[in-house]
Each structure stands twice: as C-alpha cells, then as structure tokens.
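Close look at the chain arrangement
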2 protein chains.
Amino acid sequence: MKKSVFYHAGCPVCVSVEQDIVSLIGQDQVEIVHLGESSGRIDEAERLGVKSVPALLTPSGNVLHLNFGASMEDLKS
Amino acid sequence: MKKSVFYHAGCPVCVSVEQDIVSLIGQDQVEIVHLGESSGRIDEAERLGVKSVPALLTPSGNVLHLNFGASMEDLKS
C-alpha cells in the first residue's frame, strides 16, 4: 500500500496529532514531513490540497486536515 | 487496544472521511457513530470534546477534527 504523508510544522497541535496518527496507522505506514524544516515541500503540499497543518495525505490522495495548528500562509512568513 | 470512535452525521464530507479512516486504521479498530441517527449520543460526544463532525476520538482520548462537515450546534437544530 502507498504510504500516507503527514505534513506538520512542529507546532504543539502538530506534535500531539502526530503521536495519535503514528499510533493509529503505524509508523511504517506514514512519512512525516516537517514543512518548517523542509520548506521546499510547501509547494508540493499546497498543490496536493493542504491548506493548514497538521494534515494527512491519504494513499487515496485525499487530504485530511486534523484540528488546526497553522495555515500554509503562516509557514511562508 | 481500545477502539477509536468516529462521529459523523452522514454529510458528504463525513462519508468521504469515513472511507479514508476505515481504510487507514481498519474497520475492526473503529466504532462508527452517526449522530443524526443516534442523537442520544450528542451529549457524550460533546463531553469528550467533539466540536464538529466528522471527528475521531482516539484510544488515548484525544479528538481529531477531520476537515469540516457540520458543527455540533447544527446537529441539534
């Protein structure tokens, strides 16, 4: 199965949700991307439909926005 | 492991997210609660921290609000 991708930015909400997601779907099933450290991937995330972090891109290509930590605009400023 | 609980209200956003969640964490790991049909459980959901649907209550007791379908107030009206 294709992996999910979890986009976050290190915010407290992100860290808490990350622990839940890893625990629910398994660490080997999800790639974790820190958009603060990997800002080169912000464009990719936006193109895929990520509007805020934390967000989970599922193997089917849907984006689940989980609670709310920061908007993509916040990450660019 | 304790099951997760997925609260929804039959809205299009809810149905789409439900398919993703079941596919990600497995049907036997999640109880699906339709708050439109089981309105007696709205109080329970709110007490646990659900502010909108769809939402996932994790085994650790955290609530993940997934995208946005409807607020709990909408369900009561």
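Report follows, based on the coordinates. These numbers come from a predicted model, not from an experiment.

Below, the discussion takes up the pairing of strand β3 (residues 52-57) of chain B. Residue and element names in this part refer to chain B. Burial analysis of β3 places 6 of its 6 residues in the buried class, which makes it a mostly covered element. Where strand β1 (residues 4-8) meets β3, 3 bridges bridge the pair, whose relative direction is antiparallel. Bridged to Val5 within β3 is Leu57.

Let us now look at the relation of the copies chain A and chain B. When chain A is fitted to chain B, the residual RMSD is 0.0 Å, and the transformation amounts to a turn of 180° plus an axial shift of 0.0 Å. One copy is carried onto the other by what is essentially a two-fold rotation axis. A share of 100% of interface residues in chain A that are also interface residues in chain B marks the association as one of identical surfaces.

Moving on, we get to the pattern of salt bridges. Applying the stated criterion to the full structure yields 8 salt bridges over all chains. Between B:Glu73 and B:Lys76 there is a salt bridge whose closest N-O contact spans 3.5 Å. In this pair, B:Glu73 and B:Lys76 both sit in helix α3 (residues 72-76), 3 residues apart, roughly one turn of the helix. Under the relative-accessibility criterion, B:Glu73 is labelled exposed at 52%. The class of B:Lys76 is partly exposed, set by a relative accessible area of 45%. Connected through shared salt-bridge partners, A:Glu31, A:Arg41 and A:Glu44 make up one network.

Right, let's get into the side chain of B:His34. All names here are of chain B. Here His34 lies in strand β2 (residues 30-34). Within the structure, the side chain of His34 is placed 3.0 Å from the backbone nitrogen of Gly36, a separation counted as a polar contact. In contact with His34, not counting residues within four places along its chain, are His8, Ala9 and Gly10.

The next subject is the interface of chain A and chain B. Each side of the interface is counted separately: chain A has 17 residues, and chain B has 17 residues. Summing the contributions of chain A and of chain B, the shared interface buries around 1,300 Å²; its carbon and sulfur component is 57%. By the criterion of area lost to chain B, the three top residues of chain A are A:Asp20, A:Leu24 and A:Leu64, representing 41% of everything that side buries. Between the two partners, chain A and chain B, sit 0 salt bridges. There are 8 residue pairs in polar contact (both at pLDDT 80 or more) connecting chain A and chain B. The element contributing the most residues to the side of chain A that touches chain B is helix α1 (residues 12-25) of chain A, with 6 residues. Residue composition of the side of chain A that touches chain B, grouped by class: 9 nonpolar, 7 polar and 1 charged.

It is worth spelling out α1(A) at this point. Residue and element names in this part refer to chain A. With 14 residues, α1 should cover 20 Å at 1.5 Å per step; its first-to-last C-alpha distance of 20 Å lies within 8% of that length. Every buried residue of α1 is listed here: Cys14, Val17, Asp20, Ile21, Val22, Leu24 and Ile25. In the stretch just after α1, Gly26 is the one whose phi turns positive, near 95°.

Turning our eyes to something else, we now look at the nonpolar core. Membership of the largest hydrophobic core comes to 20 residues, with the highest contact counts inside it found for A:Leu56 and B:Leu56. Looking at this core, the elements that each hand over two or more residues are α1 and β4 (63-71) of chain A together with α1 (12-25) and β4 (63-71) of chain B. Those residues in contact with B:Leu56 that lie beyond four places of it in its chain are A:Leu24, B:Ser4, B:Val5, B:Phe6, B:Ile21, B:Ile25, B:Val30, B:Asn62, B:Val63, B:Leu64 and B:Leu66.

The rules behind these values
Residues numbered from 1 in each chain as written. Chains lettered and ligands numbered in written order. Predicted model: local features only at pLDDT ≥ 70, side-chain atom pairs only at ≥ 80, totals over all residues. Heavy atoms only, no water. Buried < 20%, exposed > 50% of the residue type's maximum accessible area, 1.4 Å probe, protein only. Helix = DSSP H or I, 4+ residues; strand = E, 2+ residues; numbered from the N terminus. Pairing = 2+ DSSP bridges. Least-squares fit on C-alpha atoms with pLDDT ≥ 70 in both. Contact = heavy atoms within 4.5 Å. Salt bridge = Lys/Arg side-chain N within 4 Å of Asp/Glu carboxyl O. Polar contact = N/O pair within 3.5 Å; in protein donor to acceptor, adjacent residues only side chain to side chain. Buried area = accessible area lost by both parts, 1.4 Å probe. Nonpolar A, V, L, I, M, F, W, Y, C, P; charged D, E, K, R; others polar. Expected span 1.5 Å × (residues − 1). Core = buried A, V, L, I, M, F, W, Y, C linked by side-chain atoms within 4.5 Å.

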